[in-house]
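A closer look at the structure
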Amino acid sequence: MSADETQGQVHDLLIIGGGVNGCGIARDAAGRGLKVVLCEKGDLAQATSSASTKLFHGGLRYLEFFEFRLVREALIEREVLLRMMPHISWPLRFILPHDPDLRLENDISPLGRLLRLTMPWLRGRRPAWLVRTGLFIYDHLGGREILPGTRTLDLRRHPAGRVLDGRFTKGFEYSDCWVEDSRLVVLNARDAAARGARVLTRTSVESAERAGGLWRVTLAGPEGRRQVAARILVNAAGPWVEEVLKTRIHAASTDGVRLVRGSHIVMRRLFDHDQPYFFQLPDGRIIFAIPYESDFTLIGTTDVDHQGDPGQAVCTPEERAYLLAAAGRFFRVPLREEDVVWSYSGVRPLYDDHAASATAATRDYVLKLSAPEGAAPLLSVFGGKITTYRRLAEHALEKLAPHLPRDSGPWTAGAPLPGGDFAVDGAGRLKADLMARHPFLDERWARRLVRAYGTEAFALLDGAKAAGDLGRHFGWNLTEREVIWLREREFARTAEDILWRRSRIGLRLNEAETAALQRWLEENPA
């Protein structure tokens, strides 16, 4: 469908926002036979959805805030999502070191308040039996079929204990999952487009107004300004959801978002095993230290109320120092500023429940429907976590069902994302098959392709008998063939799109190599 074909027809849904929630709703709706157009002012996953801690997890610490509905839904979803996308998501066994001397300062969680009333002698401590009880609930609240349960560790003997400070002698091992967050978004958008949705990147919504039972929406994109019509408008603009309501739709609303910045640092590899750590801190927060891109360690996140443009969020010097000090409490070797190779920051659009702190604010999502009699409906999406994006999409369409011209019902739980049509434990076999078919691949290159494209890696490399058959090499193992694939199939337009959202090869290329890729893209337009 050409861009002009969005004019002169009425879409069932027009979705504002190309993050995980917008693309998840677009995929689900398109798969139900609805006419969908999605507008994203920049690149897909350009903001919050590429700046997460990159986990499908239930949210262990949310148990302390008694967010049982959210945790249960997320725990159930882990395995649903793992089956849908085993190329970009895989199980992890987290190490939680227990610190018997840890006292939580100013613990504002409901659990903390309950313990002060019922067990005042604990004085902010979390004894091992209490942590183990929480992990037992975590194991059983959502049910498990794939992921193993918790076990207790002697960190004096376990390999993961070798890099930790000697005071950590006991710990726990539990399950959650990794996810390549920005690729998750792109693959949802790809599948939505394959099912008939129109995905318009670099296209902003200038205005939207109700007229004649429809939404009349003015768009501004690469081809200029145009107007499209839709029966329903979905505001999934993430951190900009409130701004869109006020300045684009001019809708009255008493609901708002609390913008909370989460920053991460990436360091040179801190340990030589593949298990991540979950660290509990005296201020009541938690952080993770996770093996990242083979040669690095990802540490995060912070929770800071954010002021200003969400698109300009950066990891501040204070946040960087906080993360280094917080993680440094646990490792034998001091963490050095000079070992930080990259940092990133995203702004979470949490529903404003007027919590006392950013840490205490709910991570649950809220869907607000405005459907005055005879007027076109508006659905606004507040909050949410990456783990529950698929369920959020189902709930959004359930809420909109009375206003839809047709609805074939939920379908996404059993449908793999592009490239994800193989067994949960099949990535190793897929890599071996890829290397056998294309012997010029080394193990690292083949692993990256399988983890990015899954079974589609074979189509990407089709016919290549040598590395030279893939065209120009831009650095690391990025080739012209892959760049063309990303531009033609995954909506990539710039070097930044390719190096930092379709992949993380930006960690490997220098400025000259990055500039050369950008020049090639400009000199070889799609």
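Refer to the structure above for everything that follows.
This text gives an overview of the structure that appears in the document. (Residues numbered from 1 in each chain as written. Predicted model: local features only at pLDDT ≥ 70, side-chain atom pairs only at ≥ 80, totals over all residues. Heavy atoms only, no water.)

Right, let's talk about the overall build of the protein for a bit. Per the secondary structure count, the protein includes 14 helices and 20 strands. By principal-axis analysis of the C-alpha atoms, the protein measures approximately 70 × 60 × 45 Å. Here the analysis covers contacts within the protein between residues at least 6 apart in sequence; of these, 71% occur between residues at least 24 apart. Carbon together with sulfur atoms contributes 50% to the accessible area of the protein, which is approximately 21,400 Å² in total. Computing the positive centroid from 72 side-chain charges and the negative centroid from 68, the protein places the two 3 Å apart. (Helix = DSSP H or I, 4+ residues; strand = E, 2+ residues; numbered from the N terminus. Contact = heavy atoms within 4.5 Å. Areas by Shrake-Rupley, 256 points an atom, 1.4 Å probe, with all protein chains shown as cover. Lys, Arg positive; Asp, Glu negative; His and termini not counted. Charge placed at Lys NZ, Arg CZ, Asp CG, Glu CD.)

Turning our eyes to something else, we now look at helix α14 (residues 511-523). Given a rise of 1.5 Å per residue, 13 residues ought to cover 18 Å, and the 18 Å separating the end C-alpha atoms of α14 matches this to within 8%. Looking at α14, one finds that the buried residues are Ala516, Leu517, Trp520 and Leu521. Down the axis of α14, the buried side of the element spans an arc of 135 degrees, and every buried residue falls inside it. For α14, exposure combined with an orientation more than 90 degrees from the buried face picks out Glu511, Ala512, Glu522 and Glu523. Buried-residue contacts for α14 involve β19 (473-475), β20 (478-479), α12 (480-489) and α13 (495-501). Between a side-chain oxygen at the N-terminus of α14 and the backbone nitrogen of Ala512 the separation is 3.1 Å; the capping residue is Asn510. (Expected span 1.5 Å × (residues − 1). Buried < 20%, exposed > 50% of the residue type's maximum accessible area, 1.4 Å probe, protein only. Arc of directions from axis to C-beta. Polar contact = N/O pair within 3.5 Å; in protein donor to acceptor, adjacent residues only side chain to side chain.)

Our next topic: the packing of aromatic side chains. Two aromatic rings are characterised by how far apart their centres lie and by the angle between their planes. Applying the stated rule across the entire model yields 21 aromatic pairs. Taking the centre distance of 5.8 Å and the plane angle of 10 degrees together, the rings of Phe66 and Phe68 count as stacked. A relative accessible area of 37% places Phe66 in the partly exposed class. Arranged with centres 5.5 Å apart and planes meeting at 80 degrees, the rings of Phe278 and Phe288 form a pair that is edge-to-face. In this pair, Phe278 sits in strand β12 (residues 277-280) while Phe288 sits in strand β13 (residues 286-292), placing the two residues ten residues apart along the sequence. There is no split in this pair, since Phe278 and Phe288 are both buried. Within the aromatic cluster, the residues linked to one another by ring pairs are Phe168, Phe271, Tyr277, Phe279, Phe330 and Phe331. Over the ring of Trp240 we find Lys41; its NZ or CZ atom is 3.9 Å from the centre of that ring. Residue placement shows Arg329 over the ring face of Phe330; its charged tip is 5.3 Å from the ring centre. (Phe/Tyr/Trp six-rings, centres within 6.5 Å; stacked < 30°, edge-to-face > 60°. Lys NZ or Arg CZ within 6 Å of the ring centre and 35° of its normal.)

With that out of the way, let us pick up the environment of Phe331. By the element assignment, Phe331 lies in the loop between α7 (317-328) and β16 (340-351). Ignoring anything within four residues of it in the chain, the contact list for Phe331 reads Val163, Leu164, Asp165, Leu270, Phe271, Tyr277, Phe279 and Ala289.

Neither face of strand β2 (residues 36-39) is exposed, since Val36 and Leu38 on one face and Val37 and Cys39 on the opposite face are all buried. Note that strand β1 (residues 10-16) and β2 share four bridges and pair parallel. Bridge pairing in β2 places Leu14 opposite Val37. As for the winding sense of the linkage, the β-α-β connection from β1 through helix α1 (residues 20-31) to β2 is right-handed. Relative to strand β7 (residues 198-200), β2 runs parallel, the two sharing three bridges. Residue Val37 lies in a different strand from β7, and its bridge partner there is Arg198. (Pairing = 2+ DSSP bridges. Right-handed = clockwise from strand over helix to strand, strands pointing away.)

Right, let's talk about the layout of surface pockets for a bit. Approximately 780 Å³ is the volume found for the second largest pocket. Sorting the residues of the lining of the second largest pocket by element identifies β4 (89-98), α5 (181-194), β13 and α10 (443-453) as the ones contributing at least two each. At six residues, the largest contribution of residues to the lining of the second largest pocket is made by α10. Within the lining of the second largest pocket, the residues separate by chemical class into nine nonpolar, six polar and 15 charged. (1 Å grid on protein atoms, 1.4 Å probe; cavity = no way out; pocket = protein on both sides within 12 Å on 5 of 7 lines; lining within 4 Å. Points joined across faces, edges and corners; volume = space filled by probe spheres on them. Nonpolar A, V, L, I, M, F, W, Y, C, P; charged D, E, K, R; others polar.)

Using the criterion set out here, one finds 50 salt bridges in the structure. Between Asp12 and Arg406 there is a salt bridge, with its nearest N and O atoms 3.0 Å apart. Separated by 394 residues along the polypeptide, Asp12 in strand β1 and Arg406 in the loop between α8 (389-400) and α9 (427-437) bring together distant segments of the chain. Exposure remark for Arg406: the relative accessible area of 38% places this residue in the partly exposed category. The closest approach of N and O atoms between Asp295 and Arg508, which form a salt bridge, is 2.6 Å. Here the residue Asp295 occupies a position in the loop between β13 and β14 (296-300), and Arg508 occupies one in the loop between α13 and α14, the gap between them amounting to 213 residues. On the accessibility criterion, Asp295 (26% relative accessible area) is partly exposed. (Salt bridge = Lys/Arg side-chain N within 4 Å of Asp/Glu carboxyl O.)

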